[in-house]
Amino acid sequence: MTIAAVLTAAGSGSRLGLELPKAVVPVAGEPLVVHAARTLLAARAADGSAVGQLVVTAPAAHLDEVAVLLADVVEAADVRLDVVGGGRTRQESVAAGLAELADDVDVVLVHDAARPFAPVELVARVVDAVRAGHPAVVPGLPVVDTVKRVGTGDGTGRPVLETVPRSDLVAVQTPQGFDREVLERAHAVGSGRGAHEATAASDDAALVEADGVPVWVVPGDERAAKVTTARDLLVARALTAGALA
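So, here's what we can say about the structure. Keep in mind that what you see is a predicted model, and the values were worked out from it rather than measured.

### Here's the deal with the pairing of strand S1 (residues 2–8)
In the case of a regular strand, side chains alternate between the two sheet surfaces. When you tally the buried positions in S1, you get six out of seven residues, the bulk of the element. Relative to strand S6 (residues 105–112), S1 is paired through seven bridges, and the arrangement is parallel. When the bridges of S6 are listed, Thr 8 appears paired with Asp 112. Pairing of S1 with strand S4 (residues 51–58), which is carried by six bridges, proceeds in the parallel orientation.

Here it is as structure tokens:
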């Protein structure tokens, strides 16, 4: 089985308070997309296999820039690199990446450049679970906060409908792993949702679930935290500075 990774890097940096795309924002001297790609390509499954193709979705105006940033990483790993324009939503971006997969790919990882420090052990854990026969696998962390389901508000607040048992919940991360045919079929079936943020799937597992395929959870990792806001970026820079000190 050949592994490919679709790395989504088409998001803007607006929520970080920056004008450049999020994926090229530097942390510890390198852009987020480079950190994320290096981890994906360094991971080894239990059988020794590794990612053989990396497809990166990037803003249309930055395709060449992203390709140059990743040149050394992919050369060192001796893998095929494809950089393609992202869509209007994350769902559309992943679909664009899937269209570039080589014919011999059987297992697909989908990862967000906004989770640049997901460790290699996490990547391997996801691949191993797919190889064990689970067609869709996501990493998840236990939810530590109390979670309540709420109803429609009246302008001053919203009523609590129920408290959801935390033991039934996980916070899902990436990379997520899939049997290629399962993921491509889920995207084809759910393609009508992808044009608008209000209807698009927030992760690929949601499309697979909607197509009636079971999704399995493996243990996540706190290091796979998402960089979304300016505070997240500051935390990431502080953590990496401490790790490099």
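Back to the text.
### Observations regarding the nonpolar core
Across soluble globular proteins, nonpolar side chains have a tendency to be buried as a group. Leu 7, Val 33, Leu 54, Val 56 and Leu 109 are the most contacted members of the largest nonpolar core, which totals 33 residues. Mapped onto this core, the elements with two or more residues apiece are S1, helix H1 (32–42), S4, helix H2 (63–77), S6 and helix H4 (120–131). By residue number, the principal contributor to this core is H1, which donates six residues. Beyond its immediate stretch of four places on either side in the chain, Leu 54 contacts Ala 5, Leu 7, Ala 37, Leu 40, Leu 41, Val 74, Arg 80, Leu 81 and Asp 82. Listed in part, the 20 residues of the second largest apolar core include Leu 98, Leu 207, Val 208 and Val 213.

### Regarding H4
Spanning 12 residues, H4 covers 16 Å between terminal C-alpha atoms, matching the ideal 16 Å at 1.5 Å per step. Of all the positions in H4, only Leu 122, Val 123, Ala 124, Val 126, Val 127, Ala 129 and Val 130 are classed as buried. Looking one or two residues past H4, Gly 133 carries a phi angle of roughly 115°, positive in sign.

### Focus on the environment of Arg 166
You can see Arg 166 is positioned in the loop between strand S9 (160–164) and strand S10 (170–172). The exposure class assigned to Arg 166 is partly exposed, which follows from its relative accessible area of 41%. Distance in space between the C-alpha atoms of Arg 166 and Val 150 is 16 Å, their sequence separation being 16 residues. The contacts of Arg 166, once residues within four sequence positions are left out, are Val 143, Val 144, Asp 145 and Thr 146. Separated by 2.6 Å, the side chain of Arg 166 and the backbone oxygen of Val 144 make a polar contact.

### A word on the layout of surface pockets
Within this model, the largest pocket holds a volume of roughly 770 Å³. Together, 29 residues line the largest pocket, and Gly 11, Lys 22, Arg 90, Asp 112 and Lys 226 are the ones closest to its centre. Of the residues contributing to the lining of the largest pocket, the split by class is eight nonpolar, 12 polar and nine charged. Roughly 540 Å³ of volume is contained in the second largest pocket.

### Things to note about the side chain of Asp 221
Relative to the helices and strands, Asp 221 resides in the loop between strand S12 (216–219) and helix H7 (230–244). With near-sequence residues (within four places) excluded, Asp 221 lies in contact with Pro 119, Leu 122, Leu 141 and Gln 173.

### Concerning a negative patch on the surface
There is a patch of like negative charges on the surface, built from Asp 103, Asp 104, Asp 106 and Glu 181. With relative accessibility at 78%, the residue Asp 103 sits in the exposed group.

### What to know about H2
Between the first and last C-alpha of H2 there are 20 Å, a value that for 15 residues agrees with the 21 Å anticipated at 1.5 Å per step. Considered for burial, the residues of H2 that qualify are Val 66, Leu 70, Val 73 and Val 74. Where H2 is buried, its residues contact H1, S4 and strand S5 (80–85). Downstream of H2 by one or two residues, Asp 78 has phi in the positive range, about 55°.

### A closer look at a nonpolar patch on the surface
On the surface, a nonpolar cluster with roughly 210 Å² of combined accessible area is contributed by Val 170, Val 172 and Val 217. Residue position: Val 170 is located in strand S10. Judged by its relative accessible area of 41%, Val 170 falls in the partly exposed class.

### Some remarks on empty space enclosed by the protein
Using a probe with the size of a water molecule, rolled over the atoms, empty space left in the structure can be pinpointed. By the definition in use, this model includes one cavity of 30 Å³ or more. Roughly 40 Å³ of internal volume is contained in the largest cavity. In this structure, the largest cavity is lined by Ile 3, Leu 40, Ala 43, Arg 44, Ala 45, Ser 49, Ala 50, Val 51, Leu 109, Val 123, Ala 124 and Val 127. Broken down by element, the lining of the largest cavity gets its largest block of residues, three residues, from H4.

Definitions and cut-offs
Residues numbered from 1 in each chain as written. Predicted model: local features only at pLDDT ≥ 70, side-chain atom pairs only at ≥ 80, totals over all residues. Heavy atoms only, no water. Buried < 20%, exposed > 50% of the residue type's maximum accessible area, 1.4 Å probe, protein only. Helix = DSSP H or I, 4+ residues; strand = E, 2+ residues; numbered from the N terminus. Pairing = 2+ DSSP bridges. Core = buried A, V, L, I, M, F, W, Y, C linked by side-chain atoms within 4.5 Å. Contact = heavy atoms within 4.5 Å. Expected span 1.5 Å × (residues − 1). Polar contact = N/O pair within 3.5 Å; in protein donor to acceptor, adjacent residues only side chain to side chain. 1 Å grid on protein atoms, 1.4 Å probe; cavity = no way out; pocket = protein on both sides within 12 Å on 5 of 7 lines; lining within 4 Å. Points joined across faces, edges and corners; volume = space filled by probe spheres on them. Nonpolar A, V, L, I, M, F, W, Y, C, P; charged D, E, K, R; others polar. Patch = residues over 30% accessible without salt bridge, like charges linked within 9 Å, V, L, I, M, F, W, Y side chains within 5 Å. Areas by Shrake-Rupley, 256 points an atom, 1.4 Å probe, with all protein chains shown as cover. Salt bridge = Lys/Arg side-chain N within 4 Å of Asp/Glu carboxyl O. Lys, Arg positive; Asp, Glu negative; His and termini not counted. Charge placed at Lys NZ, Arg CZ, Asp CG, Glu CD.

By themselves, these are just geometric observations and shouldn't be taken as functional.
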